[in-house]
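# Geometric and topological summary
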Amino acid sequence: MDQQDPTSDLSFEAALARLEEIVRTLEKGEAPLDQSIELYQEGDRLKRLCEARLKAAQARIEQIAFDADGKPAGVTDFDAG
């Protein structure tokens, strides 16, 4: 795949909104078969993008360090390995 996937530049919120739009379109069942297949493929890419962004956000949240009073005191290094 030589071209960059245009969905990779979308924010989480924009990707989710587009995914919801695709689901509504497919649920109506009014799109021709070829368009439905393309929409499904785009939706799959968007789903994976959203999942990856959520996983990254969760990893960042889990790395927040708390002090003795339970207040955020900084972050610890994230070891993805």
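The chain is annotated in an unreviewed UniProt entry as Exodeoxyribonuclease 7 small subunit of Sphingomonas sinipercae. Turning to the chain, the UniProt annotation filed under Catalytic activity (unreviewed entry) states: "Exonucleolytic cleavage in either 5'- to 3'- or 3'- to 5'-direction to yield nucleoside 5'-phosphates." Recorded under Subcellular location (unreviewed entry), the UniProt text for the chain is reproduced unchanged: "Cytoplasm".

Let us now look at the confidence of the model for the chain. Across the chain, pLDDT averages 85, with 83% of residues at or above 70. Within the chain, strand β2 (residues 72-75) has the poorest average pLDDT of any element, 69, and helix α1 (residues 12-28) the best, 96.

Calculation notes
- Residues numbered from 1 in each chain as written.
- Predicted model: local features only at pLDDT ≥ 70, side-chain atom pairs only at ≥ 80, totals over all residues.
- Heavy atoms only, no water.
- UniProt positions renumbered as here; feature names shortened; annotations may be inferred.
- pLDDT = per-residue confidence, 0-100.
- Helix = DSSP H or I, 4+ residues; strand = E, 2+ residues; numbered from the N terminus.

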